[in-house]
Amino acid sequence: MTVSIETLGEVALVTVDNPPVNALSQAVRAGLSEAVDTLDADPQIRAAVLICVGRTFMAGADVREFGKTPQPPALSDVVNRIEAATKPWIAAIHGTALGGGLEVALGCHYRVAVPSAKVGLPEVTLGIIPGAGGTVRLPRVADLEHAIEMITIGRPIGAETAHAYGILDAVVEGDLKEDTIAFARERLRDALPLPVSKRPVPQVSEEGFWEKHAARIAKHARGQASPLRALEAVRNAVELDAETALAKEREIFVALRDSDQSAALRHVFFAERAAAKLRELEGIVPREIKSAAVIGGGTMGAGIAAALLDADLPVVLVEQDEAGLERGLANVRQIYDSAVKRGRLSAEKREAKLSMLAPSLHYAALSDADLVIEAVFEDLDVKRSVFVALDSVVKPDAILATNTSYLDPNAIATPLSRAENFLGLHFFSPANIMKLLEIVKAEATSPEVLKTGFALAKRLGKTAVLAGICDGFIGNRIYKTYRRQAEQLLLDGCQPGDVDRAMRGFGLPMGPFEVQDLSGLDIAEFQRKAARARGETVLAPIADRLCGLKRYGQKTGGGWYDYEAGNRMPIPSETVAAIIAEETEQAGRTAKSLDDEIVQQRLVFPMINEAARILEEGIARRSLDIDLVEIHGYGFPRWRGGLLFYADQYGLEKILPALEAMAAEGTANAPCPFLKDASAKGGFSNLTTGD
Ligand code: 3HC
Ligand code: NAI
């Protein structure tokens, strides 16, 4: 039984059991509805405690039912039914009461939780809004500003905060079931409280209140519809009577549930959970990681060390000399100092984290490490010398990883006597923040070591994707195409600001030139040099000239844009405009005016083509892996579902001729056979995968 009733004197215990997360499937909804009827009809019962078994309270509507014909009863009706019960219902919350789960709890007359519980309305992150009264009931228990934040951003909050906001009536330290039953018994003396939807709602007197919130939300949403529609629903809750507001909430919910954006966001939700599930790794037990080490304390090494410390792993940091070690420690400290400055971390916690970091100049300090991650200069000889030294000191089963961006991990691994313990762990900068981790399988990497890579990613709170070996793995390889296309647009009449504006309009947080100025043009210059040394032709005439002028970006006061000292605001550069004009003439191209949509297509369609090649070569196994790489590593809009989900939604049958036209005018490569095949099969989502 998904919903069962146990009688404990005057209190009934209603238990939901629908593993793994007690999602509100049709059976649960029907069970809850029946339970209210049963208990209302039972004169012995005077209160009901609603509790869930397993790891969590109800985690929301069953997202797998979206996109199918809805089966009655609707969740909104179930919540209304609980609220209309003739005896008090008390929600006993552990784990996460999210979305429909919190809405059910808000339909109850009281809410009790354990301190570790979290509550939230994350619907906007799935492209929808709460559809069972959340926007109407939450502002009636929490204050309006908090309700707006929770509903439009969707981030869950902890039990103590929820108690302080007024969402929870009690937080109990002991046994949840026993304590909530005791809470229920104490309430038997009281009159039935007013249902939440009948309570007064805060009124707004501040002029421009809604416009102010709408402007702030629109800026963060970058084209995603649900946050603004969520605000609209809260405004309805404040300005209309509850019944009308509930009906309007449902209307918005249904419209969004059936939208492309919601389909895309649901795809990402399930892709994130599928990423680590590879058939070849099924049943394999990962090695235990209790301690780690990082070699190299530069930009990446320091960020990786912080990511490991944040997951409560003690870290040894090794540098090449005293000065390097001091710089490395200062780099890690700087990460935590800025977190303290922003109020994200207490000074006490910073010290606790730093006390788990052990600096060393000697590899002997690594004899106990379960995992060593190398993040030294991007130079094959330097990296090999590190692994030669590691090979003689680490434990036989220690996992050895390289964070190389472009070098061949197989070549780095040659000095190792136990190459099965070696893999690539490609973090993204800043490594303690960026969610993506490319797990690179080298020739000899054992399945157990790969599985440990995925387990580590989970522990670090990262989304891991398996990648094969090629220049740039998955993400940087696609990024190379993006960068090349962006520069080509300059030769056709765009200024950097035109291209950046178009891509921000597409939903990216920054355009390609703004990103390069932030991260430094030297990274790509290094990579072009390496490619040219291999005999490859790399066309980047404007970038080459900027690097020749040492215009490496913000750090040198200028790159694709100019910068005033101490200010990150990009200013269009006359120097760059003159170089663009010269190179355009040199290339025999004619500057024309390109609208934002054409700019977007000339950037994104060739990336899709490159992604198809990556799939064809088996560098990525599944299109969903590429979607996750683009979203978590490169800021591709989540609400577009990632690069290849977007391609499918847009229609490969339209992308193919557009690419062919670009190829004919020499502005992009022709579509590859794999892309044509995907189009013939109806899209990337229809391809059978080799995972
Ligand atoms: N519906 C269907 N399946 C769900 C689900 C949901 N709401 N939430 C989680 N699952 C599934 C996952 O897909 C996964 O399945 P798998 O094992 O086959 O891959 C399994 O449950 C376990 O999920 P996680 O791996 O995410 O488990 P964690 O313990 O790491 O996290 C969680 C648990 C915090 C509950 C997390 O799963 C989560 O955030 N879930 C989504 C919550 C949510 O967005 N709720 C709102 C839904 S929309 C709604 O309620 C609309 C309403 O207003 C009408
Ligand atoms: P960095 O130049 O900031 O840091 C490298 C550090 O390694 C320096 O502190 C240096 O003193 C130290 N080092 C050099 N040789 C050493 C040795 N033999 N033993 C111990 N320490 C040594 O470089 P960054 O940017 O941190 O890059 C490191 C690696 O990470 C490179 O392979 C790079 O390609 C890769 N990477 C860089 C990214 C980025 O955005 N910067 C992103 C992803 C990967």
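Since we're looking at a predicted model, the values are computed, not measured. (Residues numbered from 1 in each chain as written. Chains lettered and ligands numbered in written order. Predicted model: local features only at pLDDT ≥ 70, side-chain atom pairs only at ≥ 80, totals over all residues. Heavy atoms only, no water.)

Q: How would you explain the site of ligand 2 if you had to name every residue and give the values?
A: Taken together, 24 residues form the shell around ligand 2, and within it M300, E319, E378, K383 and S405 come nearest. With respect to ligand 2, the backbone of G298 contributes an N or O atom lying 3.5 Å from an oxygen atom. The separation between an oxygen atom of ligand 2 and a polar side-chain atom of K383 is 2.6 Å. Within the complex, 82% of the 830 Å² of free accessible area of ligand 2 lies under protein. Looking at the shell around ligand 2, the elements that each hand over two or more residues are α12 (299–310), α15 (380–393) and β15 (422–427). In terms of residue count, the dominant contributor to the shell around ligand 2 is α15 (three residues). For the shell around ligand 2, the per-class residue count stands at ten nonpolar, ten polar and four charged. (Near = heavy atom within 4 Å. Polar contact = N/O pair within 3.5 Å; in protein donor to acceptor, adjacent residues only side chain to side chain. Areas by Shrake-Rupley, 256 points an atom, 1.4 Å probe, with all protein chains shown as cover. Helix = DSSP H or I, 4+ residues; strand = E, 2+ residues; numbered from the N terminus. Nonpolar A, V, L, I, M, F, W, Y, C, P; charged D, E, K, R; others polar.)

Q: Let's hear about the packing of aromatic side chains: which residues, and what values?
A: Summed over the entire model, instances satisfying the criterion amount to 14 aromatic pairs. The interplanar angle of 85 degrees and the centroid separation of 5.1 Å between the aromatic rings of F269 and F270 together place this pair among those described as edge-to-face. Overall, the relative accessible area of 24% leaves F269 in the partly exposed class. An angle of 25 degrees between the planes, with centres 5.4 Å apart, marks the rings of Y479 and Y634 as stacked. With Y479 in helix α18 (residues 475–491) and Y634 in helix α25 (residues 623–634), this pair connects stretches of sequence that are 155 residues apart. The burial state of Y479 is the same as that of Y634; both residues are buried. (Phe/Tyr/Trp six-rings, centres within 6.5 Å; stacked < 30°, edge-to-face > 60°. Buried < 20%, exposed > 50% of the residue type's maximum accessible area, 1.4 Å probe, protein only.)

Q: So what's going on with the packing of α25 against helix α26 (residues 643–650)? Which residues, and what values?
A: Put simply, α25 and α26 touch, their axes get as near as 6 Å, and they point 115 degrees apart. One finds that α25 runs roughly perpendicular with respect to α26. Where α25 abuts α26, its residues S623, I626, D627 and E630 lie against L643, L644 and F645. Its residues placed into classes, the contact of α25 with α26 shows four nonpolar, one polar and two charged. (Axes fitted to C-alpha atoms, helices over the stretch in contact; angles between N-to-C directions. Parallel < 35°, antiparallel > 145°, perpendicular 65-115°, else oblique. Contact = heavy atoms within 4.5 Å.)

Q: Residues and numbers for the nonpolar core, please.
A: Counting 85 residues, the largest nonpolar core has L32, L50, W89 and I167 as the members making the most contacts within it. Ranked by the residues each element gives to this core, the list is headed by strand β3 (residues 47–52), at six residues. Apart from residues no more than four positions distant in its own chain, I167 is found in contact with L102, R111, V119, L138, V141, A142, M150, I157 and A162. (Core = buried A, V, L, I, M, F, W, Y, C linked by side-chain atoms within 4.5 Å.)

Q: Summarise the environment of T667; cite the residues concerned and give the values.
A: Along the chain, the position of T667 falls in the loop between α27 (652–664) and α28 (673–680). With 159 residues separating them along the chain, T667 and L508 place their C-alpha atoms 22 Å apart. Setting aside its immediate chain neighbours within four residues, T667 contacts Q485, D492, R589, R602 and M662. Looking at T667, its side chain comes within polar contact range of the side chain of E665, at 3.0 Å.

Q: Give me the lowdown on the pairing of β15, citing residues and values where you can.
A: Of all the six residues making up β15, six are buried; the element is thus mostly covered by neighbouring parts of the structure. Judged by which residues are buried, β15 turns out to be covered on both faces: F422, G424 and H426 on one side and L423, L425 and F427 on the other are all buried. The sheet contact formed by strand β14 (residues 399–402) and β15 spans three bridges and is parallel. Within β15, the residue paired with L400 across the bridge is F422. (Pairing = 2+ DSSP bridges.)

Q: An account of helix α7 (residues 176–187) is requested, with residue identities and associated values reported.
A: With twelve residues, α7 extends 16 Å between its outermost C-alpha atoms, agreeing within 8% with the 16 Å of an ideal straight helix rising 1.5 Å per residue. Capping of α7 at its N-terminal end is provided by D175; its side-chain oxygen lies 3.3 Å from the backbone amide nitrogen of K177. (Expected span 1.5 Å × (residues − 1).)

Q: Let's hear about the sheet that holds strand β5 (residues 96–98): which residues, and what values?
A: To summarise the sheet geometry, strands pair through backbone hydrogen bonds and adopt either a parallel or an antiparallel arrangement. Ordered in space as β5-β7-β8, the three strands form an open sheet in which the pairing is mixed. Every interior strand has two partners, whereas the edge strands, β5 and β8 (157–158), have only one. With three bridges joining them, β5 and strand β7 (residues 118–120) adopt parallel strand pairing. The partner of T96 across the bridge, within β7, is K118. Contacting β5 and β7, helix α3 (residues 100–107) runs over the sheet at an angle of about 90 degrees to β5.

Q: Tell me about the site of ligand 1, and please be specific about residues and values.
A: For ligand 1, the set of nearby residues contains 26 residues, the closest of which are R55, E103, E123, R273 and K277. In this structure, a nitrogen atom belonging to ligand 1 sits 2.9 Å away from a main-chain N or O atom of A59. At 2.5 Å from an oxygen atom of ligand 1 is found a side-chain nitrogen or oxygen belonging to E123. Taking 990 Å² as the accessible area of ligand 1 by itself, protein coverage stands at 78%. The set of elements that each furnish at least two residues to the shell around ligand 1 consists of β5, α3 and α11 (260–274). For the shell around ligand 1, the element with the highest residue contribution is α11, accounting for three residues. For the shell around ligand 1, the per-class residue count stands at 14 nonpolar, five polar and seven charged.

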